[in-house]
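Observations on the three-dimensional arrangement
If you want the building blocks of each chain, they are given just below.
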Amino acid sequence: MKYINKKLSIEKVAVENIAKKYKTPTYCYSYRQLKENIRNFKKNFKSFSPLICFSVKSNTNVNLIKEIGKLGLGADVVSMGELMIAIKAGIKPKKIVFSGVGKTSNEIDYAIDKNILLINAESESEIKEIERIAKSKKKKVHVGIRLNPNTDAKTLKQISTGKKENKFGVNEKTFCELVKYCKGSKNIILKCLSVHIGSQILDHRPYEKMLRILDKIINKVNHKFEFIDLGGGMGISYNNNDKKLNYKRYNIAIKKFLKNNKSKIIFEPGRSIIGDTGTLVSKVIYIKKSGRKNFVIINAAMNDFMRPALYGASHKMLPSVKKNTNSKKTYEVVGPICESTDKFTTLKSFQELEENDFIVICDVGAYGMSLSSNYNLRPKPIELLIKGSKIKIIRKRQKHKDLV
Ligand code: LLP
């Protein structure tokens with residue numbers, strides 16, 4: 001995104017024109033940014049060519065997943081719905097991994113029928129359930145076991161998953177027992193060790209620690225894992241002062257790990273692939289002065305974009321047009337929903353806003369639309385894919401009649 005003649009543009013399209021034509025709130029994605037992110041991700045780890053499975057939970061738009069598939073990625077899914085959408089988007093089942101702590105019998109049954117690459121189990125009961133269903137189908141099913149490495153990812157506590165108090169994976173002792181159990185099973189083939197310690201990780205050291213733990217445990221269980229699934233979690237810079245994840249150091253640590261362990265690496269990135277491709281365009285409905293505060297009430301709300309309300313996340317906001325004015329103000333940007341957490345950010349020293357101006361929320365491609373809801377019975381936004389000067393509707397705006 002950049003300003004061309006003072007107009008904020010996504011690739012070659014001015015945000016203002018999008019807002020006028022398609023109304024607001026509107027999610028827009030840049031194809032060029034998506035392609036660039038995938039190219040960079042591959043480049044960072046090219047020496048061991050990992051299987052990169054896009055984490056569908058971060059964005060479930062079937063047309064985006066289609067594009068991601070065409071750019072060579074597989075999929076990481078966590079429910080039957082996500083598995084169905086990945087297959088619908090044309091992702092080959094042999095490039096799909098299925099994670100999640102609570103897969104139901106129905107979901108396991110469906111995944112087995114689809115012959116996906118791996119079901120990554122997260123408990124003893126789940127392993128036994130997979131075995132039971134596989135046996136009833138007279139099949140041998142490829143599984144992974146998710147280890148909880150008890151590693152602090154040094155990220156927000158709400159999106160940290162690799163510590164012993166988190167519900168994810170199994171501890172070292174159970175892991176070792178399950179490896180033994182799988183070796184004795186006729187219907188389960190243990191192919192993978194999986195981990196995922198959290199999301200929005202900007203420090204490479206937790207990853208290094210995680211790899212040291214994996215190395216130790218693999219040595220101990222003495223099992224040849226065809227795959228090591230390292231999960232996702234690579235963070236992005238939401239604000240100019242956020243630090244950047246050091247991919248070089250992560251890559252070095254993996255290469256060192258691979259010297260002792262000849263396995264194929266799988267990654268499950270979501271945010272690092274799609275996060276900065278997305279923008280939410282909205283309109284200022286009212287400006288309300290209340291005491292010393294200037295509230296800017298926009299027509300996007302926490303139901304359209306949950307991250308600020310849910311995690312206190314802060315996202316950059318930009319005006320659609322740079323005005324010829326020196327007048328700057330401080331604004332509290334809020335949505336119309338009846339909750340005090342329906343607040344996006346405080347804009348300090350921002351160009352003066354007026355009612356009906358358009359304003360965008362940046363970096364909403366991951367966990368934006370996928371976390372949206374119909375709270376307050378608000379229809380979900382339209383989604384557009386921008387390629388150069390072309391605009392494609394990739395999901396229609398919901399209508400009130402769909403809801404009422
Ligand atoms: N693999 C597993 C098993 C996961 O649980 C997740 C994310 C990923 C991969 C992808 O992680 P990523 O590369 O996107 O960080 N809604 C929160 C993030 C929740 C992440 C859940 N799991 C947010 O908006 O920050």
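Up top you'll find the structure we're talking about.
We now turn to the structure provided with this report. (Residues numbered from 1 in each chain as written. Predicted model: local features only at pLDDT ≥ 70, side-chain atom pairs only at ≥ 80, totals over all residues. Heavy atoms only, no water.)

Some points on the overall build of the protein
Worth spelling out the cut-off: Helix and strand assignments follow DSSP, with helices taken as H or I runs no shorter than four residues and strands as E runs no shorter than two, numbered in order from the N terminus. Atoms counted for the radius of gyration: C-alpha only. Globule rule: 2.2 Å times residue count to the power 0.38. Categorising residues by exposure relies on relative accessible area from a 1.4 Å probe, with only protein chains included: less than 20% of the type maximum marks a residue as buried, more than 50% marks it as exposed, and the intermediate range marks it as partly exposed. Residues are treated as being in contact if the distance between any of their heavy atoms lies within 4.5 Å. The protein chains shown are the only cover counted for residues, whose accessible areas, like all others here, come from Shrake-Rupley with a 1.4 Å probe. In summary, the charge assignment counts Lys and Arg as positive and Asp and Glu as negative, without counting His or the chain termini. By convention, charge coordinates are those of NZ in Lys, CZ in Arg, CG in Asp, or CD in Glu.
Looking only at helices and strands, one finds 12 helices and 20 strands in the protein. In terms of overall dimensions, the protein is globule-like: its C-alpha atoms have a radius of gyration of 23 Å, near the 22 Å expected for 404 residues. Within the span of the protein, comprising 404 residues, buried residues form 55% of the whole. Restricting the contact set of the protein to residue pairs at least 6 apart, pairs at least 24 apart contribute 70%. Total accessible area on the protein stands at roughly 18,800 Å², and carbon and sulfur atoms take up 50% of it. Separation of charge centres in the protein, based on 79 positive and 37 negative side chains, amounts to 5 Å.

Overview of the sheet that holds strand S8 (residues 118–121)
This is how it is decided: Paired strands are those between which DSSP finds at least two bridges. A fitted line through C-alpha atoms serves as each axis, taken over the contacting stretch for helices, and the angle formed by two N-to-C directions is quoted from 0 to 180°.
What the eight strands build is a closed barrel, ordered S5-S6-S7-S8-S9-S10-S11-S12; its pairing is parallel. Neighbour-to-neighbour, the strand axes of the sheet open up by a mean angle of 30 degrees, direction not taken into account. Judged from the three bridges that link them, S8 and strand S9 (residues 141–146) form a sheet pairing that is parallel. Among the inter-strand pairings, Ala121 is bridged to a residue of S9, identified as Ile145.

Structural notes on the pairing of S8
Worth spelling out the cut-off: By definition, the crossover connecting two strands over a helix is right-handed if that path, from the first strand to the second, turns clockwise as seen with the strands pointing away from the viewer.
Because side chains alternate across S8, one face comprises the buried residues Leu118 and Asn120, and the other comprises Ile119 and Ala121, equally buried. Remark: the strand S7 (residues 96–98)/helix H5 (residues 105–113)/S8 crossover connection has right-handed handedness. Between the parallel elements S8 and S9, the chain passes through helix H6 (residues 124–136) in a crossover that is right-handed.

Let's talk about the site of the ligand
Applicable threshold: We call a residue near a molecule or strand whenever a single non-hydrogen atom of that residue lies within 4 Å of it. Two N or O atoms count as a polar contact when they lie within 3.5 Å, although within protein this holds only if one can serve as hydrogen donor and the other as acceptor, and sequence-adjacent residues are included solely when both atoms are side-chain atoms. The classification used treats Ala, Val, Leu, Ile, Met, Phe, Trp, Tyr, Cys and Pro as nonpolar, Asp, Glu, Lys and Arg as charged, and all other residues, Gly among them, as polar.
Around the ligand lies a shell of 18 residues, among which Ser199, Glu268, Arg307, Tyr311 and Tyr367 are the nearest. Between the ligand and Ser199 there is a distance of 2.4 Å, counted from an oxygen atom to a side-chain nitrogen or oxygen. With respect to the ligand, the side chain of Tyr311 contributes an N or O atom lying 2.7 Å from a nitrogen atom. Class assignment for the residues of the shell around the ligand results in five nonpolar, seven polar and six charged.

Regarding the nonpolar core
The nonpolar side chains of a soluble globular protein tend to be buried, and buried together. For the record, the criterion: To qualify as a nonpolar core, a set must consist of buried Ala, Val, Leu, Ile, Met, Phe, Trp, Tyr and Cys residues joined through side-chain atoms within 4.5 Å. Domain segmentation is taken from an automatic or database assignment of domains.
In terms of nonpolar packing, the biggest core is built from 97 residues, with Phe175, Leu230, Tyr250, Ile254, Phe267 and Ile298 touching the most fellow members. The greatest single-element share of this core, amounting to eight residues, is contributed by helix H8 (residues 205–221). Among the domains, domain 1 (2–29 + 275–403) and domain 2 (31–274) are the pair contributing at least three residues each to this core. Every residue in contact with Ile298, bar those within four places of it in the chain, is listed here: Ser282, Lys283, Val284, Ile285, Met317, Val333, Val334, Gly335, Pro336, Phe344, Ile359 and Ile361. With 15 residues, the next largest nonpolar core counts Ile10, Ile18, Ala19 and Ile386 among its residues.

Overview of the pairing of strand S14 (residues 293–298)
Working note: regular strand, side chains alternate between the two faces of the sheet. For S14, the tally of buried residues reaches five of six residues, placing the bulk of the element in the interior. Pairing of strand S13 (residues 278–290) with S14, which is carried by six bridges, proceeds in the antiparallel orientation. Residue pairing across strands places Tyr286 opposite Ile297, the latter belonging to S14. Counting the residues that bridge the hairpin from S13 to S14 gives two residues, and of these Gly291 lies at a positive phi of roughly 60 degrees. By the bridge criterion, three bridges tie S14 to strand S16 (residues 328–334) in an arrangement that is parallel. Residue pairing across strands places Ile297 opposite Val334, the latter belonging to S16.

Notes on the sheet that holds strand S2 (residues 7–10)
Judged by pairing direction, the sheet is antiparallel, and its three strands sit side by side in the order S1-S2-S3 without closing on themselves. Taken across any chain shown, the strands that pair with only one partner, and hence form the sheet edges, are strand S1 (2–4) and strand S3 (13–14). With two bridges joining them, S2 and S3 adopt antiparallel strand pairing. Bridge assignment links Ser9 to a residue of S3, and that residue is Ala14.

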